[in-house]
Amino acid sequence: MMRAGTEPPSRPSINALRAAASEVASRMGAASLQVAALVDGAPGGLHRGLRRGGGVEFAEHREYAPGDDLRHLDWRAYARNDRYFIKRFEQEVHASWTLLIDASASMSLDDTTVSRARSQPSVNKFSGVRLLAASLAMIGLQGGDAVGLKVIAQPHLDLPPAGGERQLLSLLEALVRMRPSGQAGLESLARSALHEVSGCSVVVALSDVLTEPASALAPLASLARLGADVLLLQTLHPLEVDFDLRDIVETVCDENGARKVVDPRLSRRSYADMMASHCDAIRAQSALAAVHYELAVLSEDPATVVERVLRLVCEPELSSRRAMS
């Protein structure tokens with residue numbers, strides 16, 4: 001995979017990041033914030049969860065099992081079917097989120113030092129990732145959810161899930177302080193970290209996944225088995241997708257120092273095909289791991305990306321299976 005030479009990513013102020021995330025949230029459709037998510041949590045949030053007993057809206061019947069609360073037997077259903085059924089209800093719940101961020105060196109690609117074949121706005125890869133994370137955190141907190149942060153191999157930036165204005169400021173501060181470095185990607189997520197994160201309803205992992213798909217997905221598969229709804233947001237710089245360079249360049253891997261001189265006119269098509277196959281393999285591996293998958297090319301409108309993320313993690317079919325398990 002291409003990991004071109006990079007410049008240090010710019011660091012916005014907390015106020016600037018907050019303003020940018022607010023602008024993203026303000027451009028999202030109101031309907032996307034009301035997508036029904038069947039997740040466990042405390043009553044009162046934007047999300048909806050299947051919980052036994054009374055609730056705000058009837059959801060479904062299921063057959064009685066020993067130990068069920070007899071107060072919720074549906075006698076009318078018994079009269080019709082001569083079988084016992086329990087009523088289940090939907091009620092609004094708070095979710096607990098963790099944003100899991102890959103801050104390895106490959107996440108810092110910046111195209112300000114290269115010439116694009118087509119005129120395109122410059123993109124700083126980690127600045128885009130930082131904005132997506134800040135926007136998701138802000139929207140979750142505004143919805144009454146608890147949001148936390150886990151940065152792979154940078155535990156000094158980790159934050160346990162919490163709600164409120166103080167948590168938002170802490171999250172923004174951590175994102176501003178974050179600087180990609182080292183080689184630790186998703187596959188480096190420690191077993192102890194899995195258990196720290198596994199209590200959350202939702203885990204959103206932001207990573208370029210420029211590594212072997214099965215290794216990268218293994219920790220996320222473990223989180224899914226532990227009960228979390230997990231989404232992998234593969235964040236790629238547009239150059240990593242189309243290799244749209246005008247001149248011969250020397251690519252430099254910031255993680256292992258490898259260098260290679262490349263003529264994009266000769267290798268653009270083969271590179272694009274290779275990257276497309278790699279993304280397809282990640283998508284397939286995600287499906288096997290019961291992990292939602294979304295590709296975000298960081299030249300996209302961040303509001304569009306965030307809306308797709310929320311719709312995926314709030315998908316009723318997958319979440320309801322987890323909530324009723």
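Per-residue pLDDT for the chain averages 78, and the proportion of residues at 70 or more is 69%. Within the chain, the lowest mean pLDDT, 41, falls on helix H10 (residues 316-323), and the highest, 97, falls on helix H4 (residues 165-177). Of the regions scoring below 50 in pLDDT, residues 316-325 engages in 20 contacts with residues more than four places distant in sequence or in other chains.

What follows concerns the sheet that holds strand E11 (residues 292-297). The strand order E6-E5-E4-E7-E8-E11 describes an open sheet built from six strands, whose pairing is mixed. Looking at strand neighbours, the two that pair on one side only are strand E6 (159-162) and E11, the edges of this open sheet. Averaged over all neighbouring strand pairs, the angle between strand axes comes to 20°, with direction disregarded. Its contacts with the sheet place H4 against strand E4 (96-101), strand E5 (146-151) and E6, and it is angled at close to 150° to E6. Packing against the sheet, helix H6 (residues 213-225) makes contact with E4, strand E7 (202-207) and strand E8 (229-236), and its axis sits at approximately 155° to E8.

Here Ala153, not a glycine, exhibits a phi torsion of approximately 65°, which is positive. By secondary structure assignment, the location of Ala153 is in the loop between E5 and E6. For Ala153, a relative accessible area of 62% puts it in the exposed group. Residue Ala290 is not a glycine yet carries a positive backbone phi of 60°. Here Ala290 lies in the loop between helix H8 (264-288) and E11.

In this structure, Met178 and Val204 are the most contacted members of the largest nonpolar core, which totals 47 residues. Contributions of two or more residues to this core are made by helix H1 (14-26), E4, helix H3 (125-142), E5, H4, E7, E8 and helix H9 (302-313). Of all the elements, H3 adds the most residues to this core, at 11 residues.

Right, let's talk about H1 for a bit. In this model H1 runs 18 Å from its N-terminal to its C-terminal C-alpha over 13 residues, within 8% of the 18 Å that 1.5 Å per residue would give. Within H1, the full set of buried residues consists of Leu17, Ala21, Val24 and Ala25. With its buried residues spanning 95° around the axis, H1 presents them on a single face. Turned more than 90 degrees away from the buried face of H1 sit Asn15 and Ser26, all of them exposed.

Mapped onto the fold, Leu217 is located in helix H6. For Leu217, a relative accessible area of 1% translates into the label buried. Leu217 has contacts with Leu232, Ile282, Gln285, Ser286, Ala289 and Val291, leaving out every residue within four places of it along the chain.

Taken as a whole, the second largest pocket holds about 170 Å³ of empty space. Lining of the second largest pocket is provided by Ser122, Val123, Asn124, Ser127, Gly128, Leu131, Leu132, Val297, Leu298, Glu300, Pro302 and Val305. Among the elements of the structure, H3 and H9 are those that each provide at least two residues to the lining of the second largest pocket. Sorting elements by how many residues they give to the lining of the second largest pocket places H3 first, with four residues. For the lining of the second largest pocket, the class distribution of residues is seven nonpolar, four polar and one charged.

Taken as a whole and assessed by the stated rule, the structure comprises 10 salt bridges. Residue Lys125 pairs with Glu240 through a salt bridge whose shortest N-O separation is 2.8 Å. Placement of the pair is Lys125 in helix H3 and Glu240 in helix H7 (residues 238-242), with a sequence separation of 115 residues. Relative accessible area serves as the criterion here: at 0%, Lys125 is assigned to the buried category. The salt bridge involving Arg308 is made with Glu300; its shortest N-O contact spans 2.9 Å. The partly exposed category is assigned to Arg308, whose relative accessible area is 24%. Accessibility expressed as a relative area gives 28% for Glu300, which makes it partly exposed. Among the charged side chains, a network of salt bridges with common partners joins Glu23, Arg27 and Asp301.

Topologically, Arg308 is positioned in helix H9. Sequence spacing of Arg308 and Glu294 is 14 residues, and the spatial spacing of their C-alpha atoms is 7.8 Å. Among residues more than four places away in sequence, those in contact with Arg308 are Glu294, Leu295, Ala296 and Glu300. Within the structure, the side chain of Arg308 is placed 2.9 Å from the side chain of Glu300, a separation counted as a polar contact.

Quick notes on the rules
Residues numbered from 1 in each chain as written. Predicted model: local features only at pLDDT ≥ 70, side-chain atom pairs only at ≥ 80, totals over all residues. Heavy atoms only, no water. pLDDT = per-residue confidence, 0-100. Helix = DSSP H or I, 4+ residues; strand = E, 2+ residues; numbered from the N terminus. Contact = heavy atoms within 4.5 Å. Pairing = 2+ DSSP bridges. Axes fitted to C-alpha atoms, helices over the stretch in contact; angles between N-to-C directions. Buried < 20%, exposed > 50% of the residue type's maximum accessible area, 1.4 Å probe, protein only. Core = buried A, V, L, I, M, F, W, Y, C linked by side-chain atoms within 4.5 Å. Expected span 1.5 Å × (residues − 1). Arc of directions from axis to C-beta. 1 Å grid on protein atoms, 1.4 Å probe; cavity = no way out; pocket = protein on both sides within 12 Å on 5 of 7 lines; lining within 4 Å. Points joined across faces, edges and corners; volume = space filled by probe spheres on them. Nonpolar A, V, L, I, M, F, W, Y, C, P; charged D, E, K, R; others polar. Salt bridge = Lys/Arg side-chain N within 4 Å of Asp/Glu carboxyl O. Polar contact = N/O pair within 3.5 Å; in protein donor to acceptor, adjacent residues only side chain to side chain.

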